[in-house]
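Here's the letter readout for the chains.
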Amino acid sequence: MNKYTFRITLIATIVVIVLFYIALISGWFGIINGNGSNFCEAAREGIIKQPSNSFSNIGFVISGLYCAWILSNTKVEKNNSFYTNTIIPKFYCIIVVLLGPCSMAMHATETSLGGLFDMNSMYLFAAFMFTYSVVRYYKLSSTIFIITYLMCLVICNIAGQITYELGIDFYLGSAVFGLFCVLGMLYEFLNFRNRRINIQFKYAVYCSLTFLLAFYVWHFGWDGHCYCHPNSWFQWHGVWHLLCSLSTFFMFKYYISENSVK
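Summary of the structure given here. Just so we're clear, the structure is a prediction, and the values are computed from it rather than from any experiment.

### With respect to the state of the cysteines
Reasoning step 1: Counting across every chain of the model gives one disulfide.
Reasoning step 2: In this model Cys 40 forms its disulfide with Cys 228; the gap between the sulfur atoms is 2.1 Å. Here the S-S torsion is close to 105 degrees, and the disulfide linking Cys 40 with Cys 228 is therefore right-handed. Residue Cys 40 is found in the loop between helix H1 (5–26) and helix H2 (51–55), and its partner Cys 228 is found in the loop between helix H9 (202–218) and helix H10 (236–256); the two are separated by 188 residues along the sequence. Exposure class is identical for Cys 40 and Cys 228. Each is buried.
Reasoning step 3: The thiol of Cys 152 is unpaired, and the distance to the nearest cysteine sulfur, on Cys 156, comes to 6.7 Å.
Reasoning step 4: Under the relative-accessibility criterion, Cys 152 is labelled buried at 4%.
Reasoning step 5: Cys 244 carries a free sulfur, and the closest cysteine sulfur to it, the one in Cys 207, is 9.3 Å from it.

Below is the structure:
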C-alpha cells in the first residue's frame, strides 16, 4: 500500500518548495507589515526576513519525508490505516511537510498572508488529529475522512477571523485549534478504551512531552523577554519549530504502532 509514499511525498515537497520560492521572489505574499516580527528575531535585508525562525521549519519537511521513507521501506504489515489505507498515510506525510513552508511564510515575509499560512500550519495538524481519531472510532471511509478534514479547516479559518478584546487579544482560531487537539486526544482515549486497540501509548506520551517542552520555550522567543536577542542566529522560536517537528514524528510512531484488536 505504501510502496510509493516516499516518492509521492518527495514530489509534493519539491513542488511546494519551488512554488514557495517563486512566491517569495515575485512578491505574491503582499506588503510587509511586520506580521510575526514580535517573535524576537530582527528583520534582515533580502527575501528572508527572519532566517533562523524561517529555516528552523525545515525540521517539519525532514520529519514528513522521514515518515514517508519509513512507510515505503517497512516490511511489516500491521492492521491499521497507515498500512491498509491508500490515502491517509500519504496525507499525513504531506501535511507534516506542509507545516514547514506554511510556518516559514510568516517569518520569511512578515506579511498578513504569511501570517494566515502560519495559522493554517496549526490548523492542518489539529484537523488531522481530530479527523483520524474520529474516522477510526466510527470506522468511516476515506471519503468521509477527507470531507471531515476539510470542514475542520474551514471552521478553523472562519474562527480565525474573529478576535475578542478581553484585556488581551483572544483569537477564536487558536481556541478552536486547541479544541480539535483536545477532542482528538479524547477520541484516541476512546479508541483505546472502547475499541481495545493495541497501540504503544509511550509515543503519545513522547509527543505530548515534546510539545509541552516546545510550548515552554516558545515563551522565551518573544520581544522583550530576557532571553530574547534579536540579532542572534540562535532563536528560541526556532527551537519551538524543531521541537514541534519532533512531536509530529512521535505522533507518526504512535499511529503506526497500532496493530490488531486485542
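### Things to note about the packing of helix H6 (residues 112–138) against H10
Reasoning step 1: Contact geometry of H6 with H10 gives a least axis separation of 13 Å together with a crossing angle of 10 degrees. Considering the angle they form, H6 stands roughly parallel to H10. Contacts from Phe 125, Phe 128, Met 129, Tyr 132 and Arg 136 in H6 reach Thr 248, Met 251 and Tyr 255 in H10.
Reasoning step 2: Tallied by class, residues from the contact of H6 with H10 come to six nonpolar, one polar and one charged.

### Quick look at the environment of Val 15
Reasoning step 1: You can see Val 15 is positioned in helix H1.
Reasoning step 2: Sequence separation between Val 15 and Trp 236 is 221 residues; the distance between their C-alpha atoms is 29 Å.

### A few points about the packing of aromatic side chains
Reasoning step 1: Scanning the entire structure with this criterion turns up 41 aromatic pairs.
Reasoning step 2: On the basis of an interplanar angle of 75 degrees and a centroid distance of 5.9 Å, the ring pair of Phe 29 and Phe 117 is categorised as edge-to-face. Of this pair, Phe 29 sits in the loop between H1 and H2 while Phe 117 sits in helix H6, and the two are 88 residues apart along the sequence.
Reasoning step 3: Since its relative accessible area comes to 11%, Phe 29 is described here as buried.
Reasoning step 4: Taking the relative accessible area as the measure of exposure, Phe 117 reaches 35% and is therefore partly exposed.
Reasoning step 5: Where Phe 201 meets Tyr 254, the ring centres are 5.6 Å apart and the plane angle is 65 degrees; that geometry is what we call edge-to-face. With Phe 201 in the loop between helix H8 (172–194) and H9 and Tyr 254 in helix H10, this pair connects stretches of sequence that are 53 residues apart.
Reasoning step 6: According to the relative accessible area criterion, Phe 201 is partly exposed, its value standing at 31%.
Reasoning step 7: Cation over ring: Arg 44 sits above Trp 233, and NZ or CZ is 4.9 Å from the ring centre.

Cut-offs applied
Here the residue numbers are simple positions, counted from 1 along each chain's written sequence. Whole-chain, interface and lining totals are the exception, using all residues; otherwise, since this is a predicted model, local features are given only for residues with pLDDT of at least 70 and side-chain atom pairs are given and counted only at 80 or more. Only hydrogens and water are set aside when side-chain values are computed; all heavy atoms of the structure are taken into account. Count a disulfide wherever a pair of cysteine sulfur atoms falls within 2.5 Å. Secondary structure follows DSSP: runs of H or I at least 4 residues long count as helices, runs of E at least 2 residues long count as strands, and numbering of each begins at the N terminus. Here's how the labels work: a residue is buried when its accessible area is under 20% of the maximum for its type, exposed when over 50%, partly exposed in between, all with a 1.4 Å probe on protein chains only. For every element, the axis is a line fit to its C-alpha atoms; helices are fit only across the contacting stretch, and the angle between N-to-C directions ranges from 0 to 180 degrees. To sort the angles, those under 35 degrees are grouped as roughly parallel, those over 145 as roughly antiparallel, those from 65 to 115 as roughly perpendicular, and the leftovers as oblique. Should any heavy atoms of two residues lie within 4.5 Å, those residues are considered in contact. We call Asp, Glu, Lys and Arg charged. Ala, Val, Leu, Ile, Met, Phe, Trp, Tyr, Cys and Pro are nonpolar, and the rest, Gly among them, are polar. Pairing of aromatic rings covers Phe, Tyr and the six-membered ring of Trp, with a centre-to-centre limit of 6.5 Å; geometry is then stacked below 30 degrees between planes, edge-to-face above 60, and tilted otherwise. Two limits define a charge over a ring: the Lys NZ or Arg CZ must be within 6 Å of the ring centre, and within 35 degrees of the ring normal.

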